[in-house]
Structures are given as structure tokens and as C-alpha cells.
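Overview (structure and organization)
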Amino acid sequence: MSKKKQVLLAPLDPVHDIGLKMIRRGLEHGGHKTHLLPPDLPAEEIIQEIINRDAETVLISRTLGYGVAELLARFVDLVDAAGLRDKVTLGIGGMAIRPELAAELGFDAGFGPGTTVEEAVAFVEGKEFKAAKQGVEKKKVDITSGYSYQFINEGLGRKIEQVAELIIQWAENKTSPGVRRAVVRDELWDVERWRNRQGNSEFDKEYPQLCGEQPRNYYFKGELHPKTRRFTREEVIALEKFIHETKPRVMLNRLQHTKSRPVVFNQYGTGCPFMDIGHIKVSEAWGADGVVHFDPSWGARTEGFFDGFLTHQEDGTVITPANLNRIHGGLEPSTLWQVRAHRGLNTPETVVLGAKIGADLTKINICYGSLGAGTDPERLTVDGYHAIRYAAKYKMPFDVVTNEELAGVPAHKAFAGMLIVSALAVKLGGRPMLQPLFAYSPEAMISEQMEDNYVDFNAAKIYALKSIIDAPIWPGAPIGFLTQTEDRVQSSTTTALHACLASSLGVDAISIASSDEAYSGGPIAVPSRTDTLKAVGEGFRFFGGTGISPSERAKIWAEELTESIEAVVDQVIDTGDFVEALYQGVLGNREEGAYPGRAGKGTVRQVES
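Residues numbered from 1 in each chain as written. Predicted model: local features only at pLDDT ≥ 70, side-chain atom pairs only at ≥ 80, totals over all residues. Heavy atoms only, no water.

Assigned secondary structure in the chain consists of 24 helices and 16 strands. The buried share among the 609 residues of the chain stands at 57%. A fraction of 77% describes how many contacts in the chain between residues 6 or more apart in sequence connect residues 24 or more apart. Each charge class in the chain can be summarised by its mean position, and for the 67 positive and 81 negative side chains these summaries are 5 Å apart. (Helix = DSSP H or I, 4+ residues; strand = E, 2+ residues; numbered from the N terminus. Buried < 20%, exposed > 50% of the residue type's maximum accessible area, 1.4 Å probe, protein only. Contact = heavy atoms within 4.5 Å. Lys, Arg positive; Asp, Glu negative; His and termini not counted. Charge placed at Lys NZ, Arg CZ, Asp CG, Glu CD.)

The strands that make up a sheet are held in pairs by hydrogen bonds between backbone atoms, and each pair lies either parallel or antiparallel. Pairing in this open sheet of five strands is parallel, and the strands run β2-β1-β3-β4-β5 from one edge to the other. The sheet is open, and its two borders are formed by β2 (33-36) and β5 (109-111), each paired with just one other strand. Pairwise comparison of adjacent strand axes, ignoring direction, gives a mean angle of 20° for this sheet. Where strand β4 (residues 89-93) lies against β5, three bridges are found, and the strand directions are parallel. By the bridge assignment for β5, Gly-91 is matched with Ala-109. The sheet contacts of helix α1 (residues 18-29) involve β1 (6-11), β2 and β3 (57-61), and relative to β1 the element is tilted by about 170°. Against the sheet, helix α5 (residues 117-124) touches β1, β3, β4 and β5, its axis set at about 145° to β3. (Pairing = 2+ DSSP bridges. Axes fitted to C-alpha atoms, helices over the stretch in contact; angles between N-to-C directions.)

Before going further, it helps to spend a moment on the pattern of salt bridges. What the rule picks out here adds up to 33 salt bridges. We note a salt bridge from Glu-303 to Arg-379, for which the minimum N-O separation is 2.8 Å. Note that Glu-303 is positioned in the loop between β9 (290-293) and β10 (310-312) and Arg-379 in helix α16 (residues 377-393), a separation of 76 residues in sequence. Put simply, Asp-452 and Arg-553 hold a salt bridge, and the shortest N to O gap is 3.5 Å. Remark: Arg-553 occurs in helix α23 (residues 552-575) and Asp-452 occurs in the loop between α18 (442-447) and α19 (455-468); sequence separation between them is 101 residues. For Asp-452, a relative accessible area of 61% translates into the label exposed. (Salt bridge = Lys/Arg side-chain N within 4 Å of Asp/Glu carboxyl O.)

Next up on the list: the pairing of β4. For β4, the tally of buried residues reaches four of five residues, placing the bulk of the element in the interior. Here β3 runs beside β4; their pairing, made up of five bridges, is parallel. Note on β4: the bridge partner recorded for Leu-59 is Gly-91.

Here strand β14 (residues 432-435) shows a buried face lined by Pro-432 and Leu-434 and a second buried face lined by Met-433 and Gln-435. In this structure, strand β13 (residues 398-401) lies alongside β14, joined through four bridges in parallel fashion. Residue Phe-398 lies in a different strand from β14, and its bridge partner there is Pro-432. Each parallel crossover has a hand, and the one from β13 via helix α17 (residues 411-427) to β14 is right-handed. (Right-handed = clockwise from strand over helix to strand, strands pointing away.)

Looking now at the layout of surface pockets. Here the second largest pocket defines a volume of roughly 630 Å³. Lining the second largest pocket are 24 residues, with Trp-194, Arg-197, Asp-307, Gly-308 and Ala-322 sitting closest to its centre. Elements that contribute at least two residues to the lining of the second largest pocket include exactly α8 (191-195), α9 (201-206), α10 (213-221) and α13 (321-329). (1 Å grid on protein atoms, 1.4 Å probe; cavity = no way out; pocket = protein on both sides within 12 Å on 5 of 7 lines; lining within 4 Å. Points joined across faces, edges and corners; volume = space filled by probe spheres on them.)

Here we take up the nonpolar core. Formed by 118 residues in total, the largest nonpolar core has its most connected members in Trp-337, Leu-424, Ile-510, Phe-578 and Leu-587. Counting residues per element, this core draws most heavily on α17, at eleven residues. Those residues in contact with Phe-578, other than ones at most four positions away along the chain, are Val-163, Ile-167, Ile-366, Cys-367, Thr-381, Ile-420, Val-572 and Leu-587. (Core = buried A, V, L, I, M, F, W, Y, C linked by side-chain atoms within 4.5 Å.)

Below, the discussion takes up the sheet that holds strand β11 (residues 336-340). Reading across the sheet, the seven strands line up as β14-β13-β12-β11-β9-β8-β15 and stay open at both edges, with parallel pairing between neighbours. What marks the edges here is a single partner per strand, and that holds for β14 and β15 (509-512). Between one strand and the next, the sheet's axes are offset by a mean angle of 25°, whatever the strand orientation. Lying over the sheet, helix α22 (residues 526-543) contacts β8 (263-268) and β15, oriented at roughly 170° with respect to β8.

This is the structure in C-alpha cells:
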């Protein structure tokens, strides 16, 4: 048992003594006798108290101020001059104090920001302080758990399910090059044989035949896409060393305070898998629960995947088995990993490839891919249908994104498409998550629904969806889009405010981006990423279990949104053909900024019986 000490606590400061009061409580719990002096006593009076009380340890506190170092050094000199220095142990604490400064001034120890009461008590007792393991234990979260996927608005639900049935009847006997590659990837590609370099001879023979010119040239001639290059051997060795040294040192943290939701995703896609892994480790350490793989836009318009460990000279990291495998190897076991498959000619194969490499989640939306990302509606309806079936097979939940809103499509049309695809997914055994745009959308700019605030219209979207179906909601993508600028402080702040609003509305997950990702103003920087994550964490801490109260306009707009969604679904039913409805602009037209894509046009075929 430690010898009980006489401890004098003295704020050598005009006001501040809260730290000393907290330490005194810890010392008294440990049985030590303490005496706390009032603030702003002269050094000579404190020294007299040391003598009077026969103190063995003296803890001084001091905040910032001019001449602090001289004042503290003079105090130590006076203790020495009084013949007490060999009899008492001196500790100093405060916001500006560091151990090096304390030693330089003549104190036995110095305690700066973040010092615990336990650490100060250990100093008094002359014990070595062993900090508890920092960080938190985290586990992967199933965002879809607990949802029934039942329509709350039963009348609208029946209409949406009617459209989903139309899609099934239309798509189930059709195929495309993308679907055939997915079948080959699913049936012939053994990921463990590939990892062990044992070859997949039948796959290697079949796959290139189903690819477009660029990937085919890669497999037959070794030619790479002009914007990519292979990593050198030295770079690979450096990456393996980085992962080996970094993973044991990563301490996970949590952004959420008293609530467990929303789960926070951070997207990466620097173009360089090495940099991506670095950004992922930063995201994990600063509290992100998951990360999203962001690929280059040309990858969505290329029939087939390259292979090899490749770096890309622009933003977006190329999807190849080797790139995904390296990135997966850098993840912490608790980190949710989403590989997006939502918009291009490789949609079904991306689901299969991501699942076999180890992805937890994917992203599929027929409407956005057709109207906002350049793929022919007929092609993406077939590919999306099969992609959903693969997602169900591999038990991968996926979000149904509505980023066609960024092109100018009104929310009610984008939501109608999202709900139709979600109903299709449920019928095919999938677990979709609704992803409304949670941002300053072009529609809101024109209609001035966000002229006063960013709260009401975003809240209206969540209210509307919750009134229609019992399904998980994951706003994105990312939240706060078009409110952010290249100013890191502004971007981090507005992202955090959107995150807090999303939390207040009870959503399940959010996607965030750092300022330079959102603004596309240049290379993605780690300081921007940490700024954004810290701001979100501070926002969650600030609001805790309380919330933000939207005005009555949010409920009015939610009702209007729901009515407009139903009107759009009615138009799709009147068309009698979901794909034709996409071409006709029922779910977003040219005047609104949605243009039916052309990539993959004319490639859909009837399945031969």
C-alpha cells in the first residue's frame, strides 16, 4: 500500500483551479491528505503554506499568460532558497505545460492537456503510470438489421411493387456482355487460387473474350489504360512495410457520442491504392466506421476490368482484383468496406468481384446510372437486375443512390426511381438502403427551398421516406455536397452540421467527404480528412442525445414530396414499361439535366433457351 501523502495544491494563477479540484478528489479517494489554496496567492505565501503544512508534494497549476516561464522558474528558485527543494516533490500542470518545459523550469514533472487524474495521483504516489489502452473496440455493424421493408404507405407501396414486377418480367430473360462477364467471374474465378498465383485457366481463357478493346488488349498484349501504370517492385515493398508497421499502431476511435447511429463512411479514391490505404488508416484512427471505394469515371464506360496492381494519374482508383485485394488487406477487421457498382458497364461483375475479395457493401441504382452516369437505360436495367441478384446471393446490402439530383432531377423523381429499385431488390431477396441526396441540390437552388436554411428541405426528404417504407436510410453522397468549398474550416463545419442534422433525424448511416474531395480542388490531403472527421465528432458531442427541430415547412414539403412521388409512379405504370419510362424522361428529363446514357446501347440480348 502506498504511503499516504500530505499534498498541497496551489493555483499560481488569477482564476483557474478546476484541474486541481479534480485531482484533489482523486487524491482524497486514495486516502491522501490534501489542502487546496485559493487562486492568485503570491509565491512567498504558497511557500509558507508548504512549511506550515509539512507538505511532501506540491502541485501547481498555471494557464497561459505572458511571463509564465519566468514566474514558474522564480517559484522553484524561491522553494530552493527556502531550503525545501530536497524535501518536496514539485509538479506543474496547465494548458501550456509540457514535460520538457517543466523539466527546464526545475519541476519534477509537467502535465499538459489530456492528463488524467490517475496520472497525477500516480505521480504523487511515486508510481509509474501505466495508461489504459487507448482507442475503442469496434465491430462491423449491420445497417439493415431490424428493418421489415414493409410499405407504410400501402397504396403507394402497391404501385411501386407493380413497377418492380414489370422490371422482373422484362429483364429476367435478357443478358448483356456485363452479365456474361459476371457469370464467368462468379463461376470460374477462384479468388484463393488467384491469390496463390495458381491460375484460373478456364476463366483466363473465357474472360478476355467478353471484354472491350482496352481490357482485351491488356490481357492479350499487356497494354495498360493510358492513364495508369503498374507499381514498381520498390513501391510494393514500401507499401507492405507501411502496412506492417502501421496496422499494429492504429487505435480505433468512435465519432458517435451517446447515440450509436449514424454509422459514418468516408470515401477514398486518390487514384493510388498506396495513398488510399494511408487515407483509410487515417479515417479508421479518426473514427470512421466504413470507407467507400471511389473509382474513375472511365471505368464505368469500359467493358471489363483490367488486372494488376495499378495506380491512376487522376482521381478515382481503378477497380482491378489486385487493387481491391491490396486495399482489403489494409483494412481493420471492424471497418465496413463498400465497393460501388452502380453506374456503368461493369455493374453486376463489380458486385461479384467485390464480394469475392471481401467487400461488405455495394451500391446499385438503375435510374441514376441511366440518367446521371451515362449508361444506356436498357443495358443498365438488365445489368442492375442481375447485379441485385448477385448482391442477394453474396448477402451484400447496397445503397440505392439518388445522385441524379446533382444533375438537376427533382427529388420526387429521383426518389420514385430509388423506391422502385428498392422494391425490386426486396423481391429479388436483396437488402437495399435508401440514399437520398442530403445536400444543397440544384433543385433546391432553383426553387429557393434552401434560401433560408439547409435544414427543412433535407428533413422533408427523410420524413417522406420514413412515411413510405420501413427501410434503412443512408444519406449521401456525400452529405453537404455543394455547400462545401476549398476552405477547410468552412467545409468541415458544414459537413459536421449536415451530419448532426442527419443524426437528429435518426438515419442509419452517412457518407462524408473531406473538403478537397467534395470541392475537387486538387489532390486529396490527410489534414482535410482529419479536419472533417474531427468536426463531425465534435458535432455529435455537442448535440449528444438532443436534436435539431425543423420548422413546420419540413412536414409540408414531405407531404408534397410523397404526393409527387406517387404521381411519378403512376406515370411509369401508365407507360407500362419501366425502361421506356426512363427513355421518355418520366424519372428525369433533359430539361431537368437528365439524359439517357448511351454507353452499352444495343448490347442487350434475349437469353437463348
